[in-house]
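Each chain, letter by letter, is given below.
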Amino acid sequence: MTEKDSESGLLSKIVSLSKRRGFVFQSSEIYGGLRSAYDYGPLGVELKRNLMNEWWSTMVHQREDIVGLDASIIMHPEVWRSSGHVANFSDPLVDCKVCGERFRADKAPKVEAGSKLTITLGDKERARLAEERLARTEGVKLERRGKELVGAVAGNRGDICPNCGSQFLSDERQFNTMFRSSLGPIDPIGGVLEAAKAALAEGLDDAALRKRVDDVLKESTVYLRPETAQAMFVQFLNVQQSMSLKPPFGIAQMGKSFRNEVTVEHFTFRSCEFEQMEMEYFVPPGEGPKYLDYWKEERLRWWKSIGLSGDNLRLRPHGPDELAHYSNGCFDVEYRFPWGWDELEGIASRTDYDLKAHTQGSGKKLMYTDPEANDPETGEKGWRYTPHVIEPAAGATRGMLAVMCEAYAEEPGGEDGKGERTVLRLHPRLAPYKVGVLPLVKKEGMPDVARRIAAEFFRAGVKARYDEQHAIGRRYARHDEVGTPYCLTVDGQTAQDNTVTIRYRDSRRQERIPVAEALQVVQRALASDQSSCV
């Protein structure tokens, strides 16, 4: 977590809850962890999959114009050259000359030009060394007060280091964020060594040496995909022809993508390995604006349908200077995270850029022929064209974080101090456990009845949790904290009239229902569109 995140009480609580209750763990934690890598625990994997399943159901199962794809993470390297990723998929990188922090220049905090700054280091010794280094390398004399350096003044751009607050930054340089690897039974290191030796012997400069090494690596270089979109463009013809699809139609894909991010921040929000939910919607030329408008509203509606508040969501249009090179229009669905508004999903009009780029790169014409339409240029029957594309691209990992931030609540107790609780008000269909089945005590046959009820839920494919540990109040609190919408309690009355108590998470309301109807009651509630359980 960054220092900025530590100031956010809500995000700190989400991080704590995530580890304590098995949602998210630091990857390789026993070895000290790995920067920007997270493992989704027993409840986290359920929540994330439920979110992704809701997206898949809405985008693919509930529509006849969208089909699915599950493409390889590793693709032919020419895919990424044709798409422009090898040349253009870069971030502006800068280094702080005081603390060594490396970060994206376009994400640097900004202050008013000429304002006075306080540079804060980790301890007094680091402050002393930084003071001496700045005097030696920058010709600047600052006053040291403990672990702080004062007297610095912000430059014209107002950019400062997000870690220490210094304005002493290196020049920007471009950093390609794709992960490079090698494919095949070849050890590229040996070839690199030989090429480097030959280049040095020839007296080549650094640029020529780098080119020589790149030529050696190129033979086996592959990339981990930085987005799922390109596979849907490359497979456009196969999908269209095999499924007899006519524009407008879409291809949807969920899966992992990888970006060697310069700046990772806000827990799982920005990380090097993440999951996306993307769809490419292919439309006839000229119809892009209509479908861009349709999909931006449809996607905003979906996020509301899974429990995100309209007050915490907004559509933000991109300005001309923000648009990607392939886009002529884009909207971001933004969510009000604890640190402020940030992107949850982008809906972009990619025009016909991608299909034409891969047509040129591969030599295969990625086009569609409509035999019933007249060609606008010739007026003759049969229109062959390159479809335009509208792309709703959402982050599954970001979506899960937004859902947890929205759902987290702390409720105070009554005047007697009782009843205080932490609760995750997750949409019931997203909850890791749909129902908790609890025997009041571990005797009088209650556990046997409770296990039979739980088994019925298991057979029906409804994720349930049998729980007999600790007092009933503590078990209710535990299920509230992980978002379980319904709890069924088997008690002494169950043996008398074959009923159980169902408790609703959000209102804590309780009522008796027949044991025989417990599964149907929960299934009906899950099938409804209600995002709360009262």
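Residues numbered from 1 in each chain as written. Predicted model: local features only at pLDDT ≥ 70, side-chain atom pairs only at ≥ 80, totals over all residues. Heavy atoms only, no water.

## Topic: the pattern of salt bridges
Then comes step 1: This model, assessed by the stated rule, comprises 48 salt bridges.
Then comes step 2: The partner of Asp159 in a salt bridge is Lys110, with the nearest N and O atoms 2.4 Å apart. Remark: Lys110 occurs in the loop between β5 (102-104) and β6 (116-120) and Asp159 occurs in the loop between β8 (148-153) and β9 (173-176); sequence separation between them is 49 residues.
Then comes step 3: On the basis of relative accessibility, which here comes to 10%, the residue Asp159 falls in the buried class.
Then comes step 4: Notably, a salt bridge pairs Arg509 with Glu511, separated by 3.6 Å at the nearest N-O pair.
Then comes step 5: Connected through shared salt-bridge partners, Glu411, Arg421, Arg425, Asp480, Arg503 and Arg508 make up one network. (Salt bridge = Lys/Arg side-chain N within 4 Å of Asp/Glu carboxyl O. Helix = DSSP H or I, 4+ residues; strand = E, 2+ residues; numbered from the N terminus. Buried < 20%, exposed > 50% of the residue type's maximum accessible area, 1.4 Å probe, protein only.)

## Topic: the environment of Gly158
Then comes step 1: Note that Gly158 resides in the loop between β8 and β9.
Then comes step 2: Residues Gly158 and Thr397 lie 239 residues apart in sequence; the distance between their C-alpha atoms is 32 Å.
Then comes step 3: Contacts of Gly158, omitting those with residues within four sequence positions, involve Pro109, Lys110 and Val111. (Contact = heavy atoms within 4.5 Å.)

## Quick look at helix α6 (residues 124-137)
The periodicity of an α-helix, 3.6 residues per turn, causes residues three or four positions apart to be oriented the same way.
Then comes step 1: Between its first and last C-alpha, α6 extends 20 Å over 14 residues, near the 20 Å set by a 1.5 Å rise per residue.
Then comes step 2: Buried within α6 are the following residues: Ala127, Ala130, Glu131 and Leu134. Summarising the axial view, the buried residues of α6 lie within an arc of 105 degrees, below the 170-degree limit, and thus occupy one face.
Then comes step 3: Downstream of α6 by one or two residues, Gly139 has phi in the positive range, about 65 degrees. (Expected span 1.5 Å × (residues − 1). Arc of directions from axis to C-beta.)

## Re the sheet that holds strand β22 (residues 435-439)
Then comes step 1: The strand order across the open sheet formed by five strands is β23-β22-β24-β25-β26, and the pairing between neighbours is mixed. The open sheet terminates on both sides in strands that have one partner only, identified here as β23 (464-466) and β26 (510-514). The average angle at which neighbouring strand axes cross in this sheet is 25 degrees, direction not considered.
Then comes step 2: This element, helix α14 (residues 446-459), spans β22, β23, β24 (486-490) and β25 (499-504) of the sheet and lies at about 165 degrees to β22.
Then comes step 3: In the packing of helix α17 (residues 518-527) onto the sheet, the strands contacted are β24, β25 and β26, and the crossing angle to β24 comes to about 170 degrees. (Pairing = 2+ DSSP bridges. Axes fitted to C-alpha atoms, helices over the stretch in contact; angles between N-to-C directions.)

## Observations regarding the confidence of the model for the protein chain
Then comes step 1: Per-residue confidence for the protein chain gives a mean pLDDT of 91; residues scoring 70 or more make up 96%.
Then comes step 2: Of all the helices and strands in the protein chain, helix α1 (residues 3-6) carries the lowest mean pLDDT, 40, while strand β3 (residues 66-68) carries the highest, 98. (pLDDT = per-residue confidence, 0-100.)

## Thoughts on empty space enclosed by the protein
Then comes step 1: Taken as a whole and assessed by the stated rule, the structure comprises one cavity of 30 Å³ or more.
Then comes step 2: Lining the largest cavity we find Val24, Tyr40, Phe267, Thr268, Thr397, Met400, Leu401 and Met404.
Then comes step 3: The greatest single-element share of the lining of the largest cavity, amounting to four residues, is contributed by helix α13 (residues 396-407).
Then comes step 4: Its residues assigned to classes, the lining of the largest cavity comprises six nonpolar, two polar and no charged. (1 Å grid on protein atoms, 1.4 Å probe; cavity = no way out; pocket = protein on both sides within 12 Å on 5 of 7 lines; lining within 4 Å. Points joined across faces, edges and corners; volume = space filled by probe spheres on them. Nonpolar A, V, L, I, M, F, W, Y, C, P; charged D, E, K, R; others polar.)

## Some details on the packing of helix α2 (residues 9-20) against α13
Then comes step 1: Contact geometry for α2 and α13: axes closest at 10 Å, N-to-C directions at 105 degrees. With respect to each other, α2 and α13 are oriented roughly perpendicular. Contacts between α2 and α13 involve Leu10, Leu11, Ile14, Leu17 and Ser18 from the first element and Leu401, Met404 and Cys405 from the second.
Then comes step 2: Broken down by class, the residue content of the contact of α2 with α13 amounts to seven nonpolar, one polar and no charged. (Parallel < 35°, antiparallel > 145°, perpendicular 65-115°, else oblique.)

## Description of the nonpolar core
Then comes step 1: Core analysis: the largest hydrophobic core is formed by 53 residues, its most contacted members being Phe23, Trp295, Trp303 and Leu401.
Then comes step 2: Listed by contribution, the elements that provide at least two residues to this core are α2, α3 (42-61), β13 (273-283), α11 (288-305), β15 (329-337), β16 (340-351), β19 (388-395) and α13.
Then comes step 3: Judged by nonpolar contacts, the second largest core, of 26 residues, contains Ala231, Val239, Leu366 and Val389. (Core = buried A, V, L, I, M, F, W, Y, C linked by side-chain atoms within 4.5 Å.)

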